[in-house]
Amino acid sequence: MTAVVDEFSFFRPGVGVESRLHFAAEILPFILALVAGGMVAGLLAGMFGIGGGAILVPIFFHVFGLLGIAEDVRMQLALGTSLAIIVPTSIRSFMAHRQRGSVDTALLRGWIVAVPLGTLIATVIAAKASSVELRLIFAVIALALAFRMIFNRASWKLGDDLPGNPLKFMVGTGIGVLSGLMGIGGGVLNNTFMTLYGRSIHQAVATSSGVGVLISLPGLAGYVWGGWGVPGLPPFSTGYINWLAVLLLIPITLYMAPIGARLAHAMSKRQLEAGFGIFLIVISLQFFLTVIL
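A quick note: this is a predicted structure, and the numbers were derived from the prediction, not measured.

About the cut-offs
- Residues numbered from 1 in each chain as written.
- Predicted model: local features only at pLDDT ≥ 70, side-chain atom pairs only at ≥ 80, totals over all residues.
- Heavy atoms only, no water.
- Salt bridge = Lys/Arg side-chain N within 4 Å of Asp/Glu carboxyl O.
- Helix = DSSP H or I, 4+ residues; strand = E, 2+ residues; numbered from the N terminus.
- Contact = heavy atoms within 4.5 Å.
- Phe/Tyr/Trp six-rings, centres within 6.5 Å; stacked < 30°, edge-to-face > 60°.
- Buried < 20%, exposed > 50% of the residue type's maximum accessible area, 1.4 Å probe, protein only.

Draft legend 1. Quick look at the pattern of salt bridges. According to the stated counting rule, one finds three salt bridges in the structure shown. Residue D161 pairs with R199 through a salt bridge whose shortest N-O separation is 3.0 Å. Of this pair, D161 sits in the loop between α7 (131–150) and α8 (167–182) while R199 sits in the loop between α9 (187–196) and α10 (201–226), and the two are 38 residues apart along the sequence. A single salt-bridge network, built from bridges that share partners, covers D104, D161 and R199.

Draft legend 2. Local environment of the environment of F64. With respect to the element layout, F64 can be found in helix α3 (residues 53–66). Along the backbone, F64 and M75 are eleven residues apart, and their C-alpha atoms lie at a distance of 9.0 Å. With residues up to four places along the chain from it excluded, the contact list for F64 reads I69, R74, L77, A78, T81 and N242.

Draft legend 3. A look at the packing of aromatic side chains. Under the definition given, this model contains five aromatic pairs. Between F60 and F64, the aromatic rings sit 5.4 Å apart at their centres with planes inclined by 10 degrees, giving stacked as the arrangement. Of the two residues, F60 and F64 are both situated in helix α3; the distance of four residues between them amounts to about one turn of the helix. By relative accessible area, F60 is classed as buried at 0%. Of the residues examined, F64 reaches a relative accessible area of 4% and is grouped as buried. Through a chain of ring-to-ring contacts, the aromatic side chains of F61, F138 and F287 assemble into a single cluster.

Below, the structure written as C-alpha cells:
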C-alpha cells in the first residue's frame, strides 16, 4: 500500500471512479479490522472497567503501519487515538456501573487531581520517547499485570481498606502515568490496587470505569499538545489524535460497553481475573515480537 497521504487523495475532487474503487478495495480490510477491534474493545470496557485501549493500541499500531505512517510517530498516534476513543467509552461504562451502585465515588473524588496529573506527565514523556521504548513499556507493564491477575490469591493483600494520603495520591498519579503511556483507561491498574486492599473485583471494575474518565480527558488534551505540528501524521489528525479512526470506532465501542458491563456482573471473580490475565499476555507477547522482529 502506498503512503497514507496518497491514499487519502480519495477525498479530493476530480478523482476517477476507478481510483476510488481501487482505494476502497485496499482500505476495506483495515476498516474491518478497526470495526472488529472496536467491538472487542467496547466489550472489554464494560467487562473489566477499562477503556478498551489495551486492544485498540496494538490494532492501531499495525493498521497505521499498513497505511504507510512512519514508525517514528505510529505508536504515539496509536496511544493518543486510543485515549480519545476511551473518553465516551469510559463515560458510558461508568454510567452503566453507577446505576448498579457499585462505584467507589469517594476514591474517584480523592483522585480528581492525582490521576489527571499523572496522565499529563505521561503525554510529555510519550512525546519525547521513541516508538520502541513506548512498545516495551506497554509490553512489560501488561505482562506484569497479567501474571498478577492469573496467579492471584485471596491472601495477596496489602490491607483491609484503601490507604490514605499521601500514598493514595501517589498511587493515583502513578496510575495516570502508566495508563497514559499505555493508552489505556487505567482499569487494570486500579483493579489491582483496589483488590490488593480488600475491595471486591466487581467494585474495582465499576470504579475503574470512572478512573478511565479521569485519564482519557486530560490524555486527549495532552496528546493533541504533544503531537502538535509533528511531521508525518496522517490527514484528519490533530496532534497525535486521528479523528477518522475516532469517529469510526466510537459508535461501536459505545454500543458494546453496556453489554460488557452486564457480562461482568454475571461472571465470577476468578473468571474475570483469569480471562483478563490471558488477554494481557497475548497482547504483551505481540508487542515484544514487534520490537524483536
